[in-house]
There are 2 protein chains.
Amino acid sequence: MAEKKMVEAITSMEEDFAQWYTDVVKKAELIDYTSVKGCMVIKPAGYAIWELIQQQLDARFKETGVQNVYLPMFIPESLLQKEKDHVEGFAPEVAWVTHGGLQPLQERLCVRPTSETLFCDFYKNDIHSYRDLPKVYNQWCSVVRWEKETRPFMRSREFLWQEGHTAHATAQEAEERTVQMLNVYADFCEEVLAIPVIKGQKTEKEKFAGAVATYTIEALMHDGKALQSGTSHNFGDGFARAFEIQYADRDNTLKHVHQTSWGMSTRLIGAIIMVHGDNEGLVMPPRVAPIQVCIVPIQQKKEGVLDKAYELRDRLKENFRVKVDDTEKTPGFKFAEAEMRGYPIRVEVGPKDIEAGKCVICRRDTREKLEVSLDRLEEKVGELMETIQREMLERARTHRDAHTYEARDFEEFQRIFSEKTGFVKAMWCGDQACEDLIKEKMSVTSRCMPFAQEHLADTCVCCGRPAKKMVYWGKAY
Amino acid sequence: MAEKKMVEAITSMEEDFAQWYTDVVKKAELIDYTSVKGCMVIKPAGYAIWELIQQQLDARFKETGVQNVYLPMFIPESLLQKEKDHVEGFAPEVAWVTHGGLQPLQERLCVRPTSETLFCDFYKNDIHSYRDLPKVYNQWCSVVRWEKETRPFMRSREFLWQEGHTAHATAQEAEERTVQMLNVYADFCEEVLAIPVIKGQKTEKEKFAGAVATYTIEALMHDGKALQSGTSHNFGDGFARAFEIQYADRDNTLKHVHQTSWGMSTRLIGAIIMVHGDNEGLVMPPRVAPIQVCIVPIQQKKEGVLDKAYELRDRLKENFRVKVDDTEKTPGFKFAEAEMRGYPIRVEVGPKDIEAGKCVICRRDTREKLEVSLDRLEEKVGELMETIQREMLERARTHRDAHTYEARDFEEFQRIFSEKTGFVKAMWCGDQACEDLIKEKMSVTSRCMPFAQEHLADTCVCCGRPAKKMVYWGKAY
């Protein structure tokens, strides 16, 4: 009964995917809305996911030589304006501080929407010689973009992210770092979040304001929409010229540095929900699940049951993040709650199980149940964690592949997008006019020119002129 | 020569303590100044200290049941104004956002100087029943206070901190949590930062805007000035009444919650510098030293020297944070740099050492050198880490005790403060007029009424009326 009530409270994803998403973030207690329009509270269950993302991503960064720093959250207006394309891209959506204490400021400050300009200002003073290079810095912080339409984790006026900013002696080194970090992102998404991604380059139209090249990883959500999940930008020496960041090379001549930046955000939590979630709620990949095992005692008032549940917890907690749900709710309610919160494994243990020296394990992802001898619990849970992590990635990849189509001419292209939502691979001539037309006609955008190019046809799917690149197209979040 | 040059570059602390401090933060590469007035860049060597503080403090929080969350950085003006004392305390020093994108905002937003009001707004919606209590939440974030005079780590317009905010069913539980977190702070300072602190209560005059009681830990810097290093506030139900945060108790009546908040900040890095530093630079306590062991190869171009240095690093890195300084600088320069950066242990290893199967270990804190057999290196480094950590705390305590005085009458009180800088313990009647007079005459403030009260005299050191409390007085940062 209680179980039924909880399940009924979520809209099914087939009925209304957007509402299903909102229901899950609220019911799984990931976020709450606030009096601050367009901003959210990240609650303990949501923030704990972010902490696990941070820890594992940060460790991967550090393995490649990244050092963390912290720069101010404010950017003086004159600094933001130094790089022309960049300011055009961001000025319309920043928040402005005009007063400090009771006084108006002489120069207004924006709250950082991203920190390229601050890093340039810093590097200008910090880099003098080739010995000072490379600089491979990153910061974990919050940024602000004054969005009109917001949605938890996906788009909010303030969000948490990391932004890496590097400076290199040569163009080649900058390009290598740009690609290296994209690969770190892709591996992280696949290995930790169980989300398969397409790696590729953004078109000129879609690239970052001020970048020479923007690389992206694109994931496909359960509703067939695309999510840009991480980006890595090569700036060439454009910012360095605008900010006069020069170093004395070995030959004693002054040269401009070459720069990159790359970022991932709390958006990844949105991706986890929309790739893995189902009509029972959240489904967490084990490696970022704040609770990996939830033990539910059955008939917990009977002597020995709670003690056994705690004993199992103590045994499991050496290797797993585990809790006992010892609240006064009914087991049915606890099951539904554990499913809503997406705990990868639920362990049920009652008086009869204890007598028989076994327990029941229920996988969240497949909802399969199996009986396990209590002696072998740690071993079985360990195996299942690996299995679940692997199979979640496989299922997400199967779903994505089943929703990836190919179009060879405009008619086919239009027909697919009128019937389906997913990735469509199609050839492109490289002309922005075709991109604009496709967006106008079908409300889809170029997601990326994948590194793994295929030759689907000789001609552009839009104009019929010779094709230069295969592009992934889709509706994007 | 190179060594001499570096050492000469720091002002000695006896000559000018403030300049010595600035020299250390710059030369040890902890911070840099920016184009953003009153804000600083925390560079890798500085941020790595903060990361170690965060990790260890966060682990201690979580042991007491704290959960991390993230709330917006903006506070609508109407929300800030809900608690009268609080807004009076903070409104004069906040930064105001008045425009979002190209539009003026309907209501201006301040950048959080602290988040009591946001947590209240959140708790109001999140707390309904006694079952929802307690809430023991914390966030790691940056806050902004529009200070006029700034100094790296000690006082800047933006700084990093954690702020815990809790809600409880009863006044007693709130008081217990307030004291519990103060004890967490005190233990952390002593055990991790090797900084001894005085635990006590702030006077009415010095307490936090909106608090019923503010507890503090006060440390003594090398120049004899006091540093408030962490505070924990009991708000009673004042905020709960202003924000109408009520819960249905077991007896079904509505009751207001009782709240606390507590915070520590990047100021702790300033404390580490000013408690442990010397005229050679920074001296890091091992537990928060980003590099604990720096291996300096001697005659590194000779065959086998660098290999041996890397071999020792690989052996040590299993248990310690270690690096090899394999740059092209002279050993003398490397020694000076290692001292400036405060690495607890320097290991010197050259061709003769290798031949003899030994190396030289130099302690940063005492600058003592000792020869160690290479076979026993891990063991010896491990022992020394413990010894250094313990002795640094002991020395800091000895210094503090030697600069803690007692005054029984006003003449003695004035004489001590005219001759010395340190803590002065003296009795107080409890009247703010005496506090004001003391501040006016001697430019010192009450630091706290220590939990460990002593009876030094029957009468107030200022007015001669009956004394109520012993107070620590001092000049504060």
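In this report, the structure presented in the accompanying data block is examined. (Residues numbered from 1 in each chain as written. Chains lettered and ligands numbered in written order. Predicted model: local features only at pLDDT ≥ 70, side-chain atom pairs only at ≥ 80, totals over all residues.)

1. A word on unusual backbone geometry
Along the chain, A:Leu133 connects to A:Pro134 via a cis peptide bond; the corresponding omega equals -5 degrees. Following the sequence through the fold, A:Pro134 ends up in the loop between helix H6 (116-126) and strand S7 (135-144). Unlike most non-glycine residues, A:Gln299 shows phi in positive territory, near 50 degrees. Tracing the chain through its elements places A:Gln299 in the loop between strand S15 (293-297) and helix H10 (305-316). Residues other than glycine seldom take positive phi values, yet B:Arg367 does so here, at roughly 60 degrees. Judged by the 12 C-beta atoms lying within 10 Å of it, B:Arg367 is exposed. (Helix = DSSP H or I, 4+ residues; strand = E, 2+ residues; numbered from the N terminus. Buried ≥ 20, exposed ≤ 12 C-beta atoms within 10 Å, placed from the backbone.)

2. A few points about the interface of chain B and chain A
At the junction of the two partners, chain B supplies 41 residues and chain A supplies 41 residues. Where the side of chain B that touches chain A is concerned, the elements lending two or more residues are strand S2 (40-42), helix H3 (44-63), strand S3 (67-68), strand S4 (74-76), strand S5 (95-100), helix H6 (116-126) and strand S8 (158-168) of chain B. When grouped by side-chain class, the residues that make up the side of chain B that touches chain A number 24 nonpolar, ten polar and seven charged. Alignment of strand S5 (residues 95-100) of chain A against S5(B), held across five bridges, turns out to be antiparallel. Among the inter-strand pairings, A:Gly100 is bridged to a residue of S5(B), identified as B:Ala95. (Contact = placed C-beta atoms within 7 Å. Nonpolar A, V, L, I, M, F, W, Y, C, P; charged D, E, K, R; others polar. Pairing = 2+ DSSP bridges.)

3. So, the relation of the copies chain B and chain A
The operation relating chain B to chain A is a screw motion whose rotation component is 180 degrees, with 0.0 Å of axial translation and a residual RMSD of 0.0 Å. The symmetry that links the two subunits is that of a two-fold axis. Among all residues of chain B, the minimum C-alpha distance to the rotation axis is found for B:Val97, at 2.1 Å. The fraction of interface residues of chain B whose copies in chain A are also interface residues reaches 100%, indicating that both copies meet through the same surface. (Least-squares fit on C-alpha atoms with pLDDT ≥ 70 in both.)

4. Let's talk about the sheet that holds strand S8 (residues 158-168) of chain A
Residue and element names in this part refer to chain A. Spatial strand order, S3-S7-S8-S14-S11-S10-S9-S22-S23-S21-S20: eleven strands in an open sheet with mixed pairing. Across the chains shown, the open sheet's two edge strands, defined by having one partner strand only, are strand S3 (67-68) and strand S20 (404-406). Looking at chain direction, S20 and strand S21 (residues 423-428) are connected through three bridges and run parallel. Each residue of the ladder has a partner; that of Tyr 405, found in S21, is Val 424.

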